[in-house]
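Report on the structure
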Amino acid sequence: MATTHGGHIVAPRIYVLIWAILIVFTGLTAWASFGDFGIFNPIIALLIAFTKASLVILFFMHVKYSPRMIALVIGCGLFFLSILMVLTTSDYITRHWVG
Amino acid sequence: MSTATISPAALEMPRDTYLNASYGVKSWFLTKDHKRIAIMYLVSITSFFLYGGLMAIMMRLELLTPQPDLFQSDVYNKLFSMHGITMVFFFLVPSIPAVLGNFVLPMMIGARDLAFPKVNLASWYIFMIGACFTFSAYISGGVDTGWTFYTPLSTGYLNTHVVAAALGVMIAGFASIFTGLNFIVTTHRMRAPGMTWFRLPLFVWSMYAVSVVQVLATPVLAITLILVAVERAFHIGIFNPALGGDPVLFQHMFWFYSHPAVYIMILPGFGVISEIIPCFSRKRIFGYSAVAFSSMAIGVFGFLVWAHHMFVAGISTYSALVFSLLTFIIAIPSAIKVFNWTATMYKGSIHFDTPMLYALGFIGLFTIGGLTGLFLAAIGVDMHVTATYFVVAHFHYVMVGGMLLAYLAGLHFWWPKITGKMYPEAAAKLAALITFIGFNLTFFPQFVLGYMGMPRRYHSYPPEYQVLNVLSSAGASVLAVGLLMPMFYMLWSLKYGEVAGKNPYRATGLEWTTDSPPPAHNFHETPVVTQEAYDYESLLQEEVEVG
Amino acid sequence: MASDTTTLAAPHHHPESLHEQFDTLEQQKDVAQFGMWIFLVTEIMFFGGLFGAYLIYRNLYYPAFVAGSNSISIVLGTINTAVLICSSLTMAMAVHSAAIGARKLLIFFLTATLLLGLVFLGIKGVEYHDKWVEHHVPGANFHFVDPERPGEAPVPADVASQTSIYFSLYFLMTGMHALHMCIGVGILLALIWKAYRGAFPPHHYTMIENFGLYWHFVDIIWIFLFPLLYLISRTPQMH
């Protein structure tokens, strides 16, 4: 097959499998929002969201089959985004600390 | 007086260059050649610089006397706002990357062009469109928010053209993102055979670090300015306390970009200095890896210090402490560079050509600016001098004494490569001296003024501050002369300058192996690199053998 | 001067689709993909600013966020999430079709992706209309009255006014997302036309692949928007 692609063509059944998992997780997260898990509600929702996003990134966006550099680039973006969020939030959280 | 130049036997301009490869307006405005795009940026940012400079002249005229006699306060607010916006976003941020980086980077790595030439051209158009938006705001009455667009003043209490100015800056930000993207990919993937990462000139390392910062930080500015525009237009309350919003959140988001932005402005300057010092000391750079890694470290750490602009804004004490500590730490990689440049010069054979004069000025002035940054990093000191002329002096020392001098150094250094002609050395040296003197006369008194308590962004002041203000304004007129001179003699040199030849400074680096001006595709044949960067020892060896 | 370089002759062989600055099609393709990923990182930072603002305000005004979240339709939100996931499947299949040279399948899957994207935008339009009619659009006669739910206390006045922050973020985040969807739809139209003209043979379908990356990215943004905006505590009793 004359292709300049990394060489790897992902089989359609993998795509369908990932699609099915994503749909199931969507239903799961909607259902979980009606349950009362206290502090865990947002945690469950975010865990499911991160899992779904990872599946899309690894399989639909082919990162699993791409050079390491791509994963590093994504990692950098997420790292600096987390700096924005963590350091900003830490200001708000510590505003009313005493002593 | 010894220089590094060879006495040319009768040098001629090369026959086929990027300048005469094609003629006509379309061949420039639809070019994909990174060298032509660099020239277009050069013309644009020089024009914007003149406008920003005009604003500064008017401000310094007003500040000659304690009374507000030239301008009303809201007009004065517009002057410093337009000065800041123009100088930061439309001159300093693009200066070295878009002009010198665009021209020289592909040649330094042995490539025929950048990775995405059409994106490069689009980047210039986007920059100009942004400028149109912002300048339309200037023309239709000006903007008076300060370059910092603080809310809720900018979103709810002014009736100037804030939206147009903010959108213009946002759009110009995308130009900077595309340039950064281009440089990153080019550096990774377009290096000539044998050009490994650790054989790269340090200018390339600093361009790479800058590009990473641009790509990560600028989008946050974009969304922040969009929020300001939307809030102004639709009266929502993201940053407006009356509607439940938090103005400090604006400051967090704004400075998350704008602090790395100052590193976007200075890192390319570091790169230029790292090229010039070895060349005019005829010596390999001291500590190549340290300088390369410190560029990356500054890029990364630059993202961790933004709230040092917000110590008095109402952030938590603990948060302030963390940011203060991080700000002290970030001084270290910059200091490493200064030590390495100095060590490079030690026992070198110093030639005081114009680029070297600017580079030496840079080292001294940047050090002063950087050290005063440390004063500001200490919360206790910052409490007293924040929002005074101390801060103004600090950032002008690093931005003008540092960055602008580095830009001028680089422009003089690569001018022969860009145009094929030498500028007149005597005039250039004189201009450098005048600039140095004018600069210090303008801004050193401002440290004292700030320490004595004169606030920034005010057009009137108590009479006891007048002497220092007059000194500062006098210095500004000298500085203006020093900065205008290069515009004249460089244009003069295009027609009457001495032909430069391939390598008038006998510098190392691939860009000096090709013609001046270079052919359209940079090299007649793809170079293969077999030696380390800054191999001045071998050059010295040859000179000894020949002479 | 010491010769620190030797030279190679420039390569002579240049297939039509190879741009001048590259040596091989492989390099060109790698470079394009790398560039696209860096662009997506800038988009991460761009949306990230909004997510950061959301995080701060959700912590400051939690009850208001709960009230706001409960007033938007979870049914429409879930359907839209499923629609986008399906469109990601069809987009991945489009890339696959291009890789194996199946032109008709490529056009089919691109068109399916387009239609699903339009469905998403249509549903979003319905949701926006609902908010407009209920006076939940900040800056335009905003007036939040929490629809009473059995067994629950009505929303206090200060919480009701704080919901304007929630709705501002709702419109900003979903609006920015919808704008990206519209741009994607526009590009899809162009790609379908080009695919019809045979512009994407198996050795040169980089544009399809890179657009796929963009489309999946926009899907991922929605994967986070959905729980953050629609699913903030739908437990029957409110805190």
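Keep in mind that what you see is a predicted model, and the values were worked out from it rather than measured.

Quick look at the overall build of chain B now. Across its full length, chain B carries 16 helices and 1 strand. Here chain B has a C-alpha radius of gyration of 23 Å; the compact-globule value for 547 residues is 24 Å, and the two agree. The buried share of chain B, taken over its 547 residues, is 64%. Contacts in chain B between residues at least 24 apart in sequence constitute 83% of all its contacts with a sequence separation of at least 6. Total accessible area on chain B is roughly 19000 Å²; 71% of this is exposed by carbon and sulfur atoms. The distance from the centre of the 26 positive side-chain charges to the centre of the 25 negative ones in chain B is 6 Å.

Here we come to the packing of aromatic side chains. One pass over the structure, following the stated rule, counts 76 aromatic pairs over all chains. Ring centres of Phe50(A) and Phe224(C) lie 5.0 Å apart, and the angle between their planes is 75 degrees; this geometry places the pair in the edge-to-face category. With one member in each of two chains, Phe50(A) in helix H2 (residues 40–60) and Phe224(C) in helix H6 (residues 206–230) form a pair that bridges those chains. Taking relative accessible area as the criterion, Phe50(A) reaches 48% and is therefore assigned partly exposed. On the accessibility criterion, Phe224(C) (14% relative accessible area) is buried. Ring centres of Tyr51(B) and Tyr138(B) lie 5.3 Å apart, and the angle between their planes is 10 degrees; this geometry places the pair in the stacked category. Here Tyr138(B) lies in helix H4 (residues 117–139) and Tyr51(B) lies in helix H2 (residues 34–62), a separation of 87 residues in the sequence. Tyr138(B) gets classed as buried once you look at its relative accessible area, which sits at 6%. A connected cluster of aromatic rings, assembled from ring pairs, spans Tyr54(C), Phe65(C), Tyr128(C), Phe142(C), Phe144(C), Tyr166(C), Phe167(C), Tyr170(C) and Phe171(C). Arg95(A) extends its terminal NZ or CZ atom over the ring of Tyr92(A), reaching a point 4.3 Å from the ring centre.

So, about the pattern of salt bridges. Applying the stated criterion across every chain, the model contains 10 salt bridges over all chains. With its nearest N and O atoms 2.9 Å apart, the salt bridge here joins Arg95(A) to Asp91(A). Here Asp91(A) falls in the buried class, since its relative accessible area comes to 0%. Within this structure, Arg284(B), Asp535(B) and Glu537(B) form a network of salt bridges that share partners.

Bringing the interface of chain A and chain C into the picture now. In many analyses, interface size is given as the accessible surface area lost on bringing the parts together. Opposite the 47 residues of chain A that make contact, chain C presents 53 residues. Roughly 4200 Å² of surface becomes buried between chain A and chain C when both sides are summed, with 79% attributable to carbon and sulfur atoms. There are 0 salt bridges connecting chain A and chain C. For the interface between chain A and chain C, the tally reads 2 residue pairs in polar contact (both at pLDDT 80 or more).

Packed helix pairs are specified by the crossing angle of their axes together with the interaxial distance, meaning the distance between the axes. All names here are of chain B. Direction vectors running N to C along H2 and helix H3 (residues 73–109) enclose 155 degrees, while the axes themselves pass 8 Å from each other. Considering the angle they form, H2 stands roughly antiparallel to H3. Relative to H3, the crossing made by H2 is left-handed.

On to unusual backbone geometry, then. Outside of glycine, negative phi angles account for most residues, and trans bonds account for most peptide bonds. Residue and element names in this part refer to chain B. Of note, the bond from Thr151 into Pro152 is cis; its omega dihedral lies within 30 degrees of zero at -5 degrees. Mapped onto the secondary structure, Pro152 falls in the loop between H4 and helix H5 (153–156). Cis rather than trans, the peptide bond between Ser516 and Pro517 has omega equal to -10 degrees. Residue position: Pro517 is located in the loop between helix H15 (466–496) and strand S1 (526–529). Residue Arg282 is not a glycine yet carries a positive backbone phi of 50 degrees. If you trace the backbone, Arg282 turns up in the loop between helix H8 (247–281) and helix H9 (288–301).

Here we take up helix H3 (residues 74–99) of chain C. In this model, H3(C) (26 residues) spans 38 Å end to end at C-alpha, consistent with the 38 Å of a helix rising 1.5 Å per residue. At the exit of H3(C) stands Gly101(C), carrying a positive phi of roughly 80 degrees.

Residues and elements named next belong to chain B. For the pair helix H14 (residues 425–452) and H15, interaxial distance at closest approach is 7 Å and the crossing angle is 155 degrees. Considered as vectors, H14 and H15 are oriented roughly antiparallel to each other. The chirality of how H14 crosses H15 is left-handed. Grouping the amino acids of the contact of H14 with H15 by side-chain chemistry returns 22 nonpolar, 8 polar and no charged.

Proteins that are soluble and globular tend to have nonpolar side chains buried together. Residues Tyr407(B), Trp414(B) and Leu110(C) are the most contacted members of the largest nonpolar core, which totals 301 residues. Broken down by element, the residue count for this core peaks at 22 residues, all from H3(B). The contact partners of Leu110(C), leaving out residues within four places of it in the chain, are Met91(C), Ala94(C), Leu188(C), Leu191(C), Ile192(C), Ala195(C) and Ile208(C).

Another point: the interface of chain A and chain B. With 15 residues of chain A in contact, the opposing surface of chain B contributes 19 residues. When chain A packs against chain B, close to 1500 Å² is buried across both sides, 72% of that on carbon and sulfur atoms. The largest share of the area that chain A buries against chain B comes from Phe80(A), Leu84(A) and Leu87(A), three residues that together contribute 36% of it. The tally of links between chain A and chain B comes to 6 residue pairs in polar contact (both at pLDDT 80 or more). The class makeup of the residues in the side of chain A that touches chain B is 8 nonpolar, 5 polar and 2 charged.

Time to look at the confidence of the model for chain C. Residues and elements named next belong to chain C. This prediction gives chain C a mean pLDDT of 89; 89% of its residues lie at or above 70. Across chain C, H6 holds the top mean pLDDT of 97, while strand S1 (residues 5–8) sits lowest at 45. Across residues 1–12, confidence stays below pLDDT 50; counting only partners more than four residues off in sequence or on other chains, it has 32 contacts. Our summary of model confidence lists the complex with pTM equal to 0.94 and ipTM equal to 0.92.

As a further point, take a nonpolar patch on the surface. All names here are of chain A. A grouping of Leu28, Trp31, Phe37, Ile39, Phe40, Ile43 and Leu47 is seen on the molecular surface, where their side chains present a nonpolar patch of about 760 Å² in accessible area. Here the nonpolar patch gets 3 residues from one element, more than from any other, and that element is H2. Among the structural elements, Ile39 can be located in the loop between helix H1 (12–32) and H2.

Further remarks concern the side chain of Ser27(B). Residues and elements named next belong to chain B. Take Ser27: it is sitting in helix H1 (residues 25–29). When its relative accessible area of 16% is taken as the criterion, Ser27 is described as buried. With near-sequence residues (within four places) excluded, Ser27 lies in contact with Ser22 and Arg36.

Chain-level pLDDT for chain B is 94 on average; 97% of the residues reach the 70-or-more range. Within chain B, the lowest mean pLDDT, 75, falls on helix H16 (residues 536–546) of chain B, and the highest, 98, falls on H14(B).

Quick look at the environment of Val93(B) now. Residues and elements named next belong to chain B. For Val93, the position within the fold is in helix H3. In this structure Val93 comes out as buried when scored by relative accessible area, which is 5%. Sequence separation of Val93 and Tyr263 is 170 residues, and the distance between their C-alpha atoms is 9.4 Å. Ignoring anything within four residues of it in the chain, the contact list for Val93 reads Val88, Ser176, Gln214, Tyr257, Ile264 and Met265.

Thresholds applied
Residues numbered from 1 in each chain as written. Chains lettered and ligands numbered in written order. Predicted model: local features only at pLDDT ≥ 70, side-chain atom pairs only at ≥ 80, totals over all residues. Heavy atoms only, no water. Helix = DSSP H or I, 4+ residues; strand = E, 2+ residues; numbered from the N terminus. Rg over C-alpha atoms; globule rule 2.2 N^0.38 Å. Buried < 20%, exposed > 50% of the residue type's maximum accessible area, 1.4 Å probe, protein only. Contact = heavy atoms within 4.5 Å. Areas by Shrake-Rupley, 256 points an atom, 1.4 Å probe, with all protein chains shown as cover. Lys, Arg positive; Asp, Glu negative; His and termini not counted. Charge placed at Lys NZ, Arg CZ, Asp CG, Glu CD. Phe/Tyr/Trp six-rings, centres within 6.5 Å; stacked < 30°, edge-to-face > 60°. Lys NZ or Arg CZ within 6 Å of the ring centre and 35° of its normal. Salt bridge = Lys/Arg side-chain N within 4 Å of Asp/Glu carboxyl O. Buried area = accessible area lost by both parts, 1.4 Å probe. Polar contact = N/O pair within 3.5 Å; in protein donor to acceptor, adjacent residues only side chain to side chain. Axes fitted to C-alpha atoms, helices over the stretch in contact; angles between N-to-C directions. Parallel < 35°, antiparallel > 145°, perpendicular 65-115°, else oblique. Left-handed = near helix turned anticlockwise from the far one by under 90°. Expected span 1.5 Å × (residues − 1). Nonpolar A, V, L, I, M, F, W, Y, C, P; charged D, E, K, R; others polar. Core = buried A, V, L, I, M, F, W, Y, C linked by side-chain atoms within 4.5 Å. pLDDT = per-residue confidence, 0-100. Patch = residues over 30% accessible without salt bridge, like charges linked within 9 Å, V, L, I, M, F, W, Y side chains within 5 Å.

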